[in-house]
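This is what each chain is made of:
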Amino acid sequence: MSDQDTSNDRKRSNFTRRQMIAGVSGLGLAGLAGCMGDGNDNGSAGENDNGSAGENDNGNGGNNTPTQATISWSWWNQVANYPFIEDLNADFEEDHPNITVEYNGIPGSLDQYDQKITAQVAAGEEPDVMKLGAESTYATLAREGRLKNLKPLIDQDDEISTDDYIGDFSETIFQPDEDTIYALPSGAGTIIMYYNTQMYSDAGWDEPPSTWDELRNALADLKKNGVDVPYFLSFSGSASRMFWNFANQKGPGIMNDDYTECVVANDANVEALEYTINLHDEGLLKYSTEVELQNYSRTFGAGNTATTMGGPWVYADAKRNNNGDVAGSTTIPSRTKGGPSGGVYTAKAFGMSQNPSDEKAAWELQKFLGHGKGVDYFVRDGGTGLSFLADDEDHPAYDEVPVLRDHAKQLKHAKLQYYGAESTAIINTIVPQLQAAQLGNKDPRQALEDAQEEINNEVLG
């Protein structure tokens, strides 16, 4: 991506488009399956994570330049990420020769990372800059006021503005009030529908279904054509994937506007849950408990199902199984023709310690990771997916991995999967009730009413 003037006369990253495409061509499918999630059934609807190209800090931040400093940062770590991280750190240090970077990767699952970061903050041992899951660690630490308020730093820096990001920044959880910003968003993760183009074509579908009725008809045709698992739905923490995404197409959603009341048991949500259950009852959809691999991403990658919902790791698994050429993708089918696709997205952000070892140096790294060239690394090699930066709507990475373009398209329709300070508890209360209904142990409406009552009386009460 070449340098070009933006509407606010700031310079974008100095990566050329050719360099970007060259980087994407080796896109780290391990990276796609990495930071965005490995496809294990251990997350919520939008387990996924994303990123893209940002603006270049282009030097040392003017008057904010520290003299000499060593700063640390942390991110969820995998072996596959090491070359990517090393290159990112080297690039930052080349632009900032007076700053040395120490990277403290935390291995294990994303949940283990969140737990470790939370414990480090509680003990006052956190890194200067840290990756935060917006719907989990960030929400908790921001609520407790345990992060640095970045608003004064943004206000006095002419290289960055909240207007550079998608949408109204004040409406995201990154700005709890007009005087407080605890993090910069570094990536968004959306869920889209993946379909096996060969299986669909053999069943008479050269184009993917775009509505609920079309999806049901396509699955019925797939079954008639001998496909054993027309649609695969995970059945553990992710059992609600279809529900979360369909719930945002109509009705009041999960919570009221100020997150003080759960409204999940509304008619639109009951209809969405009934739809998925009916697909299962008609033999058009199978749960992970009913198939051999018990993992939606690997099942799709192996060619054992025609349809599923997931993030870019689904495409990564298809590539690993030499099925990438039949891994088609599309936005989530709407209730009616031309209706909203809806969906949810999850977010990753970078926050700063309340007491960084060097505030000026930490701010330069914070900008690099959440606004500058670091964001390019996350979309090219880190598999974090989509950028929050408004200038990245047509990122060069989408030319090499077209499924990312569908993920970006979905982001325009999706809502942040955030339900207030108790988001995690709310999700964990709803999921078991969804599973009870899916297993036929509860009426769908009763299941959602029970979840709503428990959340309002116990989680929020």
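What counts, and at which threshold
- Residues numbered from 1 in each chain as written.
- Predicted model: local features only at pLDDT ≥ 70, side-chain atom pairs only at ≥ 80, totals over all residues.
- Heavy atoms only, no water.
- Helix = DSSP H or I, 4+ residues; strand = E, 2+ residues; numbered from the N terminus.
- Buried < 20%, exposed > 50% of the residue type's maximum accessible area, 1.4 Å probe, protein only.
- Contact = heavy atoms within 4.5 Å.
- Areas by Shrake-Rupley, 256 points an atom, 1.4 Å probe, with all protein chains shown as cover.
- Core = buried A, V, L, I, M, F, W, Y, C linked by side-chain atoms within 4.5 Å.
- Salt bridge = Lys/Arg side-chain N within 4 Å of Asp/Glu carboxyl O.
- Pairing = 2+ DSSP bridges.
- Axes fitted to C-alpha atoms, helices over the stretch in contact; angles between N-to-C directions.
- Polar contact = N/O pair within 3.5 Å; in protein donor to acceptor, adjacent residues only side chain to side chain.
- Parallel < 35°, antiparallel > 145°, perpendicular 65-115°, else oblique.
- Left-handed = near helix turned anticlockwise from the far one by under 90°.
- Nonpolar A, V, L, I, M, F, W, Y, C, P; charged D, E, K, R; others polar.

What the protein chain contains, in helices and strands, is 18 helices and 11 strands. When burial is assessed residue by residue, the protein chain has 61% of its 461 residues classed as buried. Here the analysis covers contacts within the protein chain between residues at least 6 apart in sequence; of these, 77% occur between residues at least 24 apart. As displayed, the protein chain offers around 17,600 Å² of accessible surface, 42% of which is attributable to carbon and sulfur atoms.

Let us now look at the nonpolar core. Trp73, Phe243, Ile254 and Ile430 are the most contacted members of the largest nonpolar core, which totals 127 residues. Non-local contacts of Phe243, meaning those with residues more than four positions away in its chain, are made with Ile254, Val264, Asn269, Ala272, Leu273, Ile430, Leu434 and Leu448.

The next subject is the pattern of salt bridges. What the rule picks out here adds up to 16 salt bridges. Among the ionic pairs, Lys151 bridges to Asp155, the shortest N-O distance being 2.9 Å. Remark: Asp155 and Lys151 occur in helix α6 (residues 151-155); sequence separation between them is 4 residues, near one turn of the helix. In this structure Asp155 comes out as exposed when scored by relative accessible area, which is 55%.

Quick look at the sheet that holds strand β5 (residues 192-196) now. What the 3 strands build is an open sheet, ordered β8-β5-β9; its pairing is antiparallel. Only two strands of the sheet have a single neighbouring strand rather than two, namely β8 (307-310) and β9 (327-330). Looking at each pair of strands side by side, their axes are set apart by 30° on average, direction ignored. Relative to β8, β5 is paired through 4 bridges, and the arrangement is antiparallel. Paired with Ile192 across the strands is Gly310, a residue of β8. Running over the sheet, helix α16 (residues 402-411) touches β5, β8 and β9 and is turned about 145° from β5.

A few words on the side chain of Gln249. Within the element layout of this structure, Gln249 appears in the loop between α9 (241-247) and α10 (267-281). Gln249 sits in the buried class, given a relative accessible area of 7%. From its side chain, Gln249 meets the backbone oxygen of Ser341 in a polar contact 2.9 Å long.

Viewed as axis vectors pointing N to C, α10 and helix α17 (residues 423-438) meet at an angle of 45°, and their least axial separation amounts to 10 Å. As summarised for this structure, α10 and α17 are arranged oblique, according to the angle between their axes. The handedness of the crossing between α10 and α17 is right-handed. Contact with α10, carried on its side by Leu273, Thr276 and Ile277, involves Leu434, Ala437 and Gln438 of α17 and no other residues of that element.

Another aspect to go through is the packing of α10 against helix α18 (residues 444-459). The interhelical angle for the contact between α10 and α18, taken along N-to-C directions, is 130°, at an axis separation of 9 Å. By the criterion of interaxial angle, the relationship of α10 to α18 is oblique. Our pair here, α10 against α18, has a crossing hand that is right-handed. Residues Asp267, Asn269, Val270, Leu273, Glu274 and Ile277 of α10 form the contact with α18, whose own contacting residues are Pro444, Arg445 and Leu448. Classifying every residue of the contact of α10 with α18 gives 5 nonpolar, 1 polar and 3 charged.

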